[in-house]
Structure formats: structure tokens, C-alpha cells
Amino acid sequence: MYKVGQKVRVKSWGQMAQEYGVTDGTINTPSSFVPDMRCFCGKEYRIKAIYDPVNNIYDLETITGDEDENKELLYFCWDEVMLIPIAGKLEIMIKERRKNV
């Protein structure tokens, strides 16, 4: 389970399609990874909120302020299986220290 503020990367379309399969253009993750979400693949975001702590569904900080004001903004729910954790500097230093002890 991720925590608010933690950095994550959205998995690639290909990786999720291979892991979960595709039906009618939608990847069969628990809450479905739809084609409109594809533009987020491979990019890093912070966990903005936890929508459902039982099923590990999150809101990501996907809105940066650089979006076209006339463009309709789409909001998505993100399953834990769609995401990959990104270690922060402190976590990396701790892991390195443990390897060398």
C-alpha cells in the first residue's frame, strides 16, 4: 500500500497488457486501465489521496497546471497494480547502507 506523498511511476501499457490482458482496448486491471490513461504510462507522480484503502485505489497528482485551459481535464482512479514505487533518496541511502553492513 502506498502513502500520500509517495512517488510512483505508472507502468507501461505493454507491461500491464501482458500482466492482465486486454479486452476491447481496456487493460483488465481491477478497476480497468482505459485507453485515455495511456498518456500517463511511464511518468512519475505523487500519491495525492487514497480513495479506497481496502482495495488500494489512489488519486495521483496528474494535473500540473501546464494543461490547456480549454482541454477537458479527466480524472482517473489508480489501482496499486498500475503503479511502481519510486525510492526516494533516503530510502536508497538506507538500502545501500544495509548492503554494506
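See above for the structure.
Below is a summary of the structure that appears in this document. Model, not experiment: these values are computed from the prediction. (Residues numbered from 1 in each chain as written. Predicted model: local features only at pLDDT ≥ 70, side-chain atom pairs only at ≥ 80, totals over all residues. Heavy atoms only, no water.)

Description of the overall build of the protein
- The number of helices and strands found in the protein is 2 helices and 7 strands.
- Buried positions account for 28% of the 101 residues belonging to the protein.
- Within the protein, residue pairs in contact and separated by at least 24 positions form 59% of the contacts whose partners lie at least 6 positions apart.
- Roughly 7,000 Å² of accessible area belongs to the protein as shown, and the carbon and sulfur atoms make up 51% of that amount. (Helix = DSSP H or I, 4+ residues; strand = E, 2+ residues; numbered from the N terminus. Buried < 20%, exposed > 50% of the residue type's maximum accessible area, 1.4 Å probe, protein only. Contact = heavy atoms within 4.5 Å. Areas by Shrake-Rupley, 256 points an atom, 1.4 Å probe, with all protein chains shown as cover.)

Focus on the nonpolar core
- Ranked by internal contacts, the top residues of the largest apolar core, which has 19 residues, are V10, F33, L60, W78 and L83.
- Broken down by secondary-structure element, the contributors of at least two residues to this core are β1 (7–10), α1 (13–20), β4 (44–52) and β5 (57–60).
- The dominant element in this core, judged by the number of residues it contributes, is α1, at 3 residues.
- In contact with L83, not counting residues within four places along its chain, are Y2, V8, R9, V10, K11, I47, Y58, L60 and W78. (Core = buried A, V, L, I, M, F, W, Y, C linked by side-chain atoms within 4.5 Å.)

Description of the sheet that holds β1
- Here we have 5 strands laid out as an open sheet, ordered β6-β5-β4-β1-β7, and antiparallel in their pairing. Across the chains shown, the open sheet's two edge strands, defined by having one partner strand only, are β6 (78–79) and β7 (83–85).
- Two elements, β1 and β4, share 3 bridges in a ladder whose sense is antiparallel. Residue pairing for β4: R9 is matched across the bridge by E44. (Pairing = 2+ DSSP bridges.)

Observations regarding the pattern of salt bridges
- By the definition in use, this model includes 3 salt bridges.
- A salt bridge links E44 to K7; its shortest N-O distance comes to 3.4 Å. Linking E44 in strand β4 with K7 in strand β1, this pair joins segments that are 37 residues apart in sequence.
- Residue E44 is classed as partly exposed on the basis of its relative accessible area of 38%.
- R9 is the salt-bridge partner of E44, the closest N and O atoms lying 2.7 Å from each other. With E44 in strand β4 and R9 in strand β1, the pair connects residues that are 35 residues apart, well separated along the chain.
- The class of R9 is partly exposed, set by a relative accessible area of 30%.
- Here the residues in one salt-bridge network are K7, R9 and E44, joined through shared partners. (Salt bridge = Lys/Arg side-chain N within 4 Å of Asp/Glu carboxyl O.)

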